[in-house]
Amino acid sequence: MKNIAVIGAGTMGNGIAHTFAQKGFKVQLIDISQQSLDKGLATITKNLDRMIAKEKISEADKEATLGNISTFTNVKDGVEYAELVVEAATENIDLKLKIFKELNDACSDETILASNTSSISITQIAAVTNRPEMVIGMHFMNPVPIMKLVEIIRGYNTSDEVTNTIMELSKTLGKTPVEVNDYPGFVANRILMPMINESIETLYNGVAGVAEIDTVMKLGMAHPMGPLQLADFIGLDVCLSILNVMYNGFKNPKYAPCPLLVNMVMAGKLGVKSGEGFYDYSQSRKAEHVAKQFI
């Protein structure tokens, strides 16, 4: 397998493209927006420069990685020679189903179709194709070039051959693949998101402040990042979307999003990406200053 197409040039998409390209794969990075593609390539270049500064790669490695990436705004053109397509679009079920219907028609019958979804059913996604045995989940962690874990999610009809191929491919990328079954939130977010949601509830109920909650979890539980800071890093809109998927999937009130989270997303306070969430990122991307509304 040498040709990989990646749908979506955002944070996860450009990270996935970077990772494959750095390992010598030819990558077709696809997005409907040329501006998003340009921004994605700029991010990849910046991350490669950071690796050069840390003496992890050479300038030649950087040029080879960038040389392995081609960009497309047309899905059909971008997936023409792809042996694997990894969809990394926004965590929206309607959008993902639309993309997979398009991929089903545009790709050869031998192409494996993977989704980077962090919570949506692979079985449901596969059902809109005529090749459900060829559809699988590859849930990379952010930042993709650094994080080792890849959750490999089998849909109800995903074949053993496809699963084994993707498990081995993940190892080729230097990742550690972990196979999980297809239930809302899978493993990572089924455990992580209730913790983040409960942290927001703790703040909402006035038990402690933002910095205090994060400090307890960092010092008391040895977490490298507090749950509120992590929520900002992930994106509060993404957290809300995942919680809604689990709440709708399980019909269990423990997954119901905290009203504070809902209100913050409606107000556009999405975390790092918007400049403000539980922390203020107007001066730095580091969580150094608690947002004014929580002081």
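Attention here is on the structure that accompanies the text. None of the values given here were measured: they were computed from a predicted structure. (Residues numbered from 1 in each chain as written. Predicted model: local features only at pLDDT ≥ 70, side-chain atom pairs only at ≥ 80, totals over all residues. Heavy atoms only, no water.)

1. Things to note about the pattern of salt bridges
On inspection of all chains with the given rule, the structure shows nine salt bridges. The partner of Glu 179 in a salt bridge is Arg 154, and the shortest N-O contact between them spans 3.8 Å. Here Glu 179, found in strand E8 (residues 176-181), pairs with Arg 154, found in strand E7 (residues 149-154); they are 25 residues apart in sequence, far enough to count as distant. When its relative accessible area of 40% is taken as the criterion, Glu 179 is described as partly exposed. Taken together, the shared-partner salt bridges in this structure form one network comprising Asp 49, Glu 59 and Lys 62. (Salt bridge = Lys/Arg side-chain N within 4 Å of Asp/Glu carboxyl O. Helix = DSSP H or I, 4+ residues; strand = E, 2+ residues; numbered from the N terminus. Buried < 20%, exposed > 50% of the residue type's maximum accessible area, 1.4 Å probe, protein only.)

2. Description of helix H8 (residues 188-204)
For H8, built from 17 residues, the straight-helix expectation of 24 Å at 1.5 Å per residue is met to within 8% by its first-to-last C-alpha distance of 24 Å. Taken together, the buried positions of H8 are occupied by Asn 189, Met 193, Ile 196, Asn 197, Ser 199, Ile 200, Glu 201 and Leu 203. The elements touched by buried residues of H8 are strand E6 (135-140), helix H9 (210-221), helix H10 (227-234), helix H11 (236-250) and helix H12 (259-266). Immediately downstream of H8, the backbone of Gly 206 shows phi near 75°, a positive value. (Expected span 1.5 Å × (residues − 1). Contact = heavy atoms within 4.5 Å.)

3. Points about the environment of Ala 291
Mapped onto the elements, Ala 291 comes out in the segment after strand E10 (289-290). Judged by relative accessible area, Ala 291 falls into the buried class, the value being 0%. Here Ala 291 is in contact with Glu 276, Gly 277, Phe 278, Tyr 279 and Asp 280, once residues within four sequence places are set aside.

4. A short note on the packing of aromatic side chains
Across all of its chains, the model carries three aromatic pairs by this definition. The interplanar angle of 85° and the centroid separation of 5.3 Å between the aromatic rings of Phe 20 and Phe 25 together place this pair among those described as edge-to-face. The two residues Phe 20 and Phe 25 agree in class, both being buried. Over the face of the ring belonging to Phe 25 we find Lys 2, whose NZ or CZ atom lies 6.0 Å from the ring centre. (Phe/Tyr/Trp six-rings, centres within 6.5 Å; stacked < 30°, edge-to-face > 60°. Lys NZ or Arg CZ within 6 Å of the ring centre and 35° of its normal.)

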